[in-house]
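# Results of the structural survey
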Amino acid sequence: MENQKILSAFSYLSIFFAPFIVPLIVYIITKDSDVKRHSIRALISHLIPFVFGILFFIVFVFSTFNLDPTSGNNKMLIIWFVSFAIYAIVSLGIVIWNIIQAVRVIR
């Protein structure tokens, strides 16, 4: 029983060192359904910042192409800062959520 808790918590805490690999390996290797459920939840929570990062990169690229410093129009710069702030908040929230889930699993 203790090994299952450690594997589940390890899946959540792997966001710091191997976000996609560890939950996927744990899911493939383990036979316990509870550990599989936690590893899938961890994998999905690790994918969310990645998807937001791709979206932020797209916004950044398009805002860079449309940014004209001589025009005085800073709408794209504002969009860039807002999208970066959203990305930072979501990423921080996901990290905190993963830590909380790991602590809950260990108890």
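Relevant structure appears above.
Okay, so let's go over this structure. Just so you know, these numbers come straight off a predicted model, no measurement behind them.

For the protein chain, the helix and strand inventory stands at four helices and zero strands. Along the protein chain, from the amino end to the carboxyl end, the secondary structure elements read α-α-α-α. Against the compact-globule benchmark of 13 Å for 107 residues, the protein chain has a radius of gyration of 18 Å, which places it well outside the compact range. The dimensions of the protein chain, computed from C-alpha atoms along their principal axes, are 65 × 25 × 20 Å. For the protein chain, restricting intrachain contacts to residue pairs at least 6 apart in sequence, the fraction spanning at least 24 positions comes to 70%. Within the structure as shown, the protein chain displays about 7,200 Å² of accessible surface, and the carbon and sulfur contribution to it stands at 76%. Separation between the mean location of the 8 positive side-chain charges and that of the 4 negative ones in the protein chain comes to 5 Å.

Right, let's get into the pattern of salt bridges. Where side chains of opposite charge bring their charged atoms close, a pairing between them can arise. The tally for this structure, following the rule as stated, stands at one salt bridge. A salt bridge links R37 to D34, with the shortest nitrogen-to-oxygen separation between them at 2.7 Å. Of this pair, R37 and D34 both sit in helix α3 (residues 33–66), three residues apart, which is roughly one turn of that helix. Judged by its relative accessible area of 42%, R37 is partly exposed.

What follows concerns the nonpolar core. Counting five residues, the largest nonpolar core consists of A9, Y12, A42, A102 and V105. Those elements giving two or more residues to this core turn out to be α1 (2–13) and α4 (75–106). Not counting residues up to four positions away in its chain, the partners in contact with A9 are A102, V105 and I106.

Here is what the cut-offs are and how they apply
- Residues numbered from 1 in each chain as written.
- Predicted model: local features only at pLDDT ≥ 70, side-chain atom pairs only at ≥ 80, totals over all residues.
- Heavy atoms only, no water.
- Helix = DSSP H or I, 4+ residues; strand = E, 2+ residues; numbered from the N terminus.
- Rg over C-alpha atoms; globule rule 2.2 N^0.38 Å.
- Contact = heavy atoms within 4.5 Å.
- Areas by Shrake-Rupley, 256 points an atom, 1.4 Å probe, with all protein chains shown as cover.
- Lys, Arg positive; Asp, Glu negative; His and termini not counted.
- Charge placed at Lys NZ, Arg CZ, Asp CG, Glu CD.
- Salt bridge = Lys/Arg side-chain N within 4 Å of Asp/Glu carboxyl O.
- Buried < 20%, exposed > 50% of the residue type's maximum accessible area, 1.4 Å probe, protein only.
- Core = buried A, V, L, I, M, F, W, Y, C linked by side-chain atoms within 4.5 Å.

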